[in-house]
Amino acid sequence: MSLDQRVFAIHRPSPALLKYYVLSSFLVGPFFLFPLLYLNFRYRSMRYEFDEEGISMSWGILFRRQITLTYARIQDIHLTSNIIERWLGLARIQIQTASASASAEMTLEGLHEFEQVRDFLYSKMRGVRGGTGTAPAELASSDPSLASALREVAAELRAVREALERR
Amino acid sequence: MSWREPILRLMRVPHEPAPPPGSPPRLFRAAPNFFKFRLVRWGLTQLLALAGLLWALQFIHWVDSTGVPEPVIWMMKAGEVIGWLVFAFEFVFGALLVRLDYEMRWYMLSDRAVRIREGVATIREKTIALANVQNLAIRQGPLQRLLGIADVEVKTAGGGGSGGGEMDGKKSSREPMHVAYFRGVANAEEIRDLVREGVRLQRNTGLGDPDELQRPPDDAGAAVAELLREARALRAVVG
């Protein structure tokens, strides 16, 4: 399976994320029940959708959130992991666009294949795709007409020359 | 076996980061003086903590003489003991972490991207495409100047203000997201120039669409060459 297909196949965070949520909510001490409930629902409702154009991520039971990002607008990709996450084989992928916020636009959590996803996103993000020289559709369609127009002029000149030679 | 291995294994610190996309990267490291710099900073915080603990001891002494009920005094004393234990643990472990933090730093620069990995407890690996770099800066404080080190700052478009992100409120770190630092390098100017050269060689400005600048299509180029050939031949016949 290619990298793209493997990433497109990701829809749910790994169960290790739930373990991480449980552990991190116990860290707040006696009021662990509140984050535990919130994070539990967050985990249960979290969905990822990778397609050709971008990522969308949604979560929430009562208050739903859905964030959609286009790959071409991604600017920085950071990987962050603390000790607990590393013990569980996880890392957070923080994705940034050029917006004016200091915190991440989207944080992909609970993916064991974070390095693959990071490389995948990197290959599609802004500034990198342009570097590979793939022409966008509009330009590509205008190229042949320009070339054929030039060819017609050349053919016209050729005819003039031949006419002159015959005289 | 050194003391590093068990700690790194316990904290699950992965070894060297994967190189960034593009050509084989040049690797830069923090200068040895950066360790000294961090050690001084760490030493100052330890002094502060020590002063706090000693002050608390004095305070308990004073409270004791004012005739506060016994259980309160006992609570305070227990707090003081716990404080000293935490301090002792943090003192030893903190010193090791300062050393490890200095060693576990990778600053990589390829022809396409910068990748910076830092941190031991929390590991941060930032990748910034050179095409998206907006500005570069060098920062140096007085102590850093004394030690001959500086930080190179690589910034991309976007704000630095606090909050405002789509996922705000959820463990977004205090670390600004649109900036990456080559911290504590001895050759800051060389790195700045190398990054700048790399940015200059990128084909777009990092502000518009990825396809904002395109080469003229090759097909048209061939047609123009053909046209030129024909025009020359024509002139040769006429002239």
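In this numbering scheme, every chain counts its residues from 1 along its sequence in written order. The lettering of chains begins at A and the numbering of ligands begins at 1, in the order of writing. The predicted nature of this model means local features are confined to residues of pLDDT at least 70 and side-chain atom pairs, given and counted, to a pLDDT of 80 or more, with totals for whole chains, interfaces and linings taken over all residues.

### Details of the overall build of chain A
Heads up, the rule is: Secondary structure elements follow DSSP: runs of H or I no shorter than four residues count as helices, runs of E no shorter than two count as strands, and numbering proceeds from the N terminus. Three classes are used. A residue is buried when 20 or more other C-beta atoms lie within 10 Å of its own, exposed when 12 or fewer do, and partly exposed in between, with C-beta atoms placed from the backbone. C-beta atoms are first placed from the backbone for all residues, and any pair lying within 7 Å is then listed as a contact.
Within chain A, the regular secondary structure consists of six helices and six strands. The order of helices and strands in chain A, counted from the N terminus, is α-α-α-β-β-β-β-α-β-β-α-α. Evaluated residue by residue, chain A yields a buried proportion of 33% over its 167 residues. In chain A, of all internal contacts separated by at least 6 residues, the share reaching a separation of at least 24 is 47%.

### Some words on the domain arrangement of chain A
Spelled out, the test is: The source of the domain bounds is an automatic or database domain assignment.
We note that the domain assignment places domain 1 (3-132) and domain 2 (135-167) within chain A. Averaged C-alpha coordinates put domain 1 of chain A and domain 2 of chain A at centres separated by 53 Å.

### Brief notes about the packing of helix α2 (residues 32-65) of chain B against helix α3 (residues 70-103) of chain B
For any two helices packed against each other, one specifies the crossing angle of their axes together with the interaxial distance. All names here are of chain B. Rule in force here: Axes here mean lines fitted to C-alpha atoms, for a helix over just the part in contact, with angles spanning 0 to 180 degrees between N-to-C directions. Under this scheme an angle from 65 to 115 degrees is roughly perpendicular, one under 35 degrees roughly parallel, and one over 145 degrees roughly antiparallel; angles in between are oblique. Under the scheme applied here, ten amino acids are nonpolar (Ala, Val, Leu, Ile, Met, Phe, Trp, Tyr, Cys and Pro), four are charged (Asp, Glu, Lys and Arg), and all others, including Gly, are polar.
Running from amino to carboxyl end, α2 crosses α3 at an angle of 175°, the nearest separation of the two axes being 11 Å. By the criterion of interaxial angle, the relationship of α2 to α3 is roughly antiparallel. Here the residues of the contact of α2 with α3 sort into 17 nonpolar, three polar and six charged.

### Some thoughts on the sheet that holds strand β6 (residues 106-108) of chain A
This is how the line gets drawn: Strand pairing requires that DSSP identify at least two bridges connecting the strands.
Spatial strand order, β6(A)-β5(A)-β4(A)-β4(B)-β3(B)-β2(B)-β1(B): seven strands in an open sheet with antiparallel pairing. For this open sheet the edge positions go to β6 of chain A together with β1 (26-28) of chain B, each flanked by a neighbour on one side alone. Mean inter-strand twist for the sheet, computed between neighbouring axes without regard to direction, equals 15°. Where strand β2 (residues 106-109) of chain B lies against strand β3 (residues 113-118) of chain B, four bridges are found, and the strand directions are antiparallel. Directly across from Trp106 of chain B, in β3 of chain B, lies its bridge partner Arg117 of chain B.

### Re the packing of helix α2 (residues 16-26) of chain A against helix α3 (residues 33-45) of chain A
Residue and element names in this part refer to chain A. The condition is simple: Handedness of each helix crossing follows the sense of rotation of the near helix against the far helix: counterclockwise by less than a right angle gives left-handed, clockwise gives right-handed.
With their axes 9 Å apart at the nearest point, α2 and α3 run at an angle of 165° to one another. Classified by the angle their axes make, α2 and α3 are roughly antiparallel. For the pair α2 and α3, the crossing hand works out as right-handed. The segment α2 lies against α3, with Leu17, Leu18, Tyr21, Val22 and Ser25 engaging Pro35, Leu36, Leu39, Asn40 and Tyr43. Of the residues that constitute the contact of α2 with α3, the class distribution is eight nonpolar, two polar and no charged.

### A few points about the nonpolar core
General note: in soluble globular proteins, nonpolar side chains tend to be found buried as a group. Cut-off, in case you're wondering: Think of a nonpolar core as buried Ala, Val, Leu, Ile, Met, Phe, Trp, Tyr and Cys residues chained together by C-beta atoms that fall within 7 Å.
Formed by 58 residues in total, the largest nonpolar core has its most connected members in Ile93, Ile95, Val117 and Leu121 of chain A together with Val114 and Val185 of chain B. Considering every element that reaches this core, the biggest residue donor is helix α5 (residues 114-124) of chain A, with four residues.

### Quick word on α2 of chain A
All names here are of chain A. The condition is simple: This arc corresponds to the set of directions leading from the helix axis out to the C-beta atoms.
Burial in α2 covers these residues: Leu17, Tyr20 and Tyr21. Angularly, the buried residues of α2 cover 100° about the axis, an arc narrow enough to put them on a single face. Contacts from the buried residues of α2 go to α3 and α4 (83-87).

### Focus on the sheet that holds strand β5 (residues 133-139) of chain B
Residues and elements named next belong to chain B. The strand order across the open sheet formed by three strands is β5-β6-β7, and the pairing between neighbours is antiparallel. Single-partner strands in this sheet number two, and they are β5 and β7 (179-185). Each neighbouring strand pair of the sheet contributes to a mean axis angle of 15°, computed without reference to strand direction. Here strand β6 (residues 150-156) pairs with β7 via five bridges, running antiparallel. Looking at β7, one finds that Glu153 is bridged to Tyr181. Packed on one face of the sheet, helix α5 (residues 188-200) meets β5, β6 and β7 and runs near 175° to β5.

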